[in-house]
Amino acid sequence: MTYAIKKTNNPFQSTRSNAISSGVFIRTDADYQLGTETNDAVNIGLKKELSAEQQNIVETSDPRHLMILAEFGEGKSFSLKCIQDELYCKYDYPFIGIVLGNDASFYNEDIEDGEPLLIQIVQYLKNAYEKLPLNIYPTKDDIKIKYSLDSDNSIERVLENYDHAFKDLECMVFIFIDELDKIFIDPIITDSNRVKFLNNLKTLTDIFTQSVSLWCAGTNNVEAYISSRQEDYMQRFSLVRSIFNYEDTLTYVRKKCKKEMKGCIPFARGVIKKIHETTSGNLRLLNSCCYDLWSVAANQKSNITMNDFFEYLKTKLRVHILDSYPNISNILIDAISRTIVYNKLSIQQINKLYHSKSGDIRSFFSDPDQQKKFIKQAKSYKMLDNLRISFLRKVVGK
């Protein structure tokens, strides 16, 4: 069945540009930029996990400190931006955004008589408190006096006072720190300011027990570094990892298509499953792959079948295969493509698909020089997982 698919109404857009907003915001701010894509994002995967955490904090008035770990493209910044949008649209709670890749002053510069991160957080909390509207928080001036928020105290005491002041106002505060991997990019870090930054995170989690939630996001190497310190840093955070299963992929594709096609999906169900396997649950790669396939469907004026999906990947794999195996034949390119896409090619399939050339293909897969890249398993050939994923990400990651 043919649907009215057009390139101009492609619902699969890149999530690469969606970063969290840096600064201090509350619903009354006119300068907050509401995300266009995140405003109606599908509630799956990491976004679903974080939305549940945010809702629980709001309902229980009990702050939680999260360590959010996922690889590049798995939706960390995108999901945090969605949470910022939800807070901005639904609640009168202030939130703070810090993107470490944009500002090295949090960990590379010493500030006299204090710690860079802690001093910055004090300024942010002061700004957030001043932004609270009197019509919603009529006692904020009295509570300000109660906790001597304008008095000179130690940084730790000031942070503690703000934490209690917001609690008395029944106001929850969210602090988002993104791109934590910019600091802990190496497994062993000796730079004193970066180590100090980690100690400051620990201090914040110890102080904020009443109203302020600290959410930190980074890649998995962050956990490896923190764990290598052999201290109890990670125990202070609830660990949230990216989980994006096949059902999430199916829901995502269906809802995206429904937005433009009234529920119709131009991909066969088997294709969606293969897309999930190909992209390994990576949201950015999923968008990229579906974006390309939507264009193929628009050109063909028909649904995408498994054969269409294979031909699409084979075409895009060609240049990367030739980079690794120069001067090979088109038939070998086809055979390697099938091994990459389907992760298995048996002797029986080789004989059936390639007939007189099957001997050449078996020789290629059995060659000792290729054993570093392929594993021979009984009567089938299976590509090494890391090499296969590397190939596929070169294709769908473009």
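As shown above, the structure is provided for reference.
We now turn to the structure provided with this report.

Rules and cut-offs
- Residues numbered from 1 in each chain as written.
- Predicted model: local features only at pLDDT ≥ 70, side-chain atom pairs only at ≥ 80, totals over all residues.
- Heavy atoms only, no water.
- Helix = DSSP H or I, 4+ residues; strand = E, 2+ residues; numbered from the N terminus.
- Areas by Shrake-Rupley, 256 points an atom, 1.4 Å probe, with all protein chains shown as cover.
- Lys, Arg positive; Asp, Glu negative; His and termini not counted.
- Charge placed at Lys NZ, Arg CZ, Asp CG, Glu CD.
- Core = buried A, V, L, I, M, F, W, Y, C linked by side-chain atoms within 4.5 Å.
- Buried < 20%, exposed > 50% of the residue type's maximum accessible area, 1.4 Å probe, protein only.
- Contact = heavy atoms within 4.5 Å.
- Axes fitted to C-alpha atoms, helices over the stretch in contact; angles between N-to-C directions.
- Parallel < 35°, antiparallel > 145°, perpendicular 65-115°, else oblique.
- Nonpolar A, V, L, I, M, F, W, Y, C, P; charged D, E, K, R; others polar.

### Considerations on the overall build of the chain
Then, in step 1: Helices and strands together make up the secondary structure of the chain, namely 16 helices and nine strands.
Then, in step 2: With respect to the principal axes defined by its C-alpha atoms, the chain has extents near 90 × 50 × 30 Å.
Then, in step 3: When the accessible surface of the chain is split by element, carbon and sulfur atoms take 47% of a total near 18500 Å².
Then, in step 4: Counting 52 positive and 51 negative side-chain charges, the chain places the centres of these two groups 14 Å from one another.

### Considerations on the nonpolar core
Then, in step 1: One finds Ile121, Leu159, Leu180 and Trp215 to be the most contacted residues of the largest nonpolar core, which totals 73 residues.
Then, in step 2: The element best represented in this core is helix H4 (residues 116-131), accounting for eight residues.
Then, in step 3: Those residues in contact with Leu180 that lie beyond four places of it in its chain are Met67, Leu100, Phe197, Leu201, Cys216, Ala217, Gly218 and Val222.
Then, in step 4: Of all hydrophobic cores here, the second largest spans 56 residues; its members include Phe78, Leu250, Ile265 and Leu332.

### Observations concerning the packing of helix H13 (residues 330-342) against helix H16 (residues 385-396)
Then, in step 1: Across the interface, H13 lies against H16 with an axial gap of 9 Å and an inter-helix angle of 100°. When the axes of H13 and H16 are compared, the pair comes out roughly perpendicular. In contact with Thr339, Ile340 and Val341 of H13, H16 contributes Arg388, Phe391 and Leu392.
Then, in step 2: When grouped by side-chain class, the residues that make up the contact of H13 with H16 number four nonpolar, one polar and one charged.

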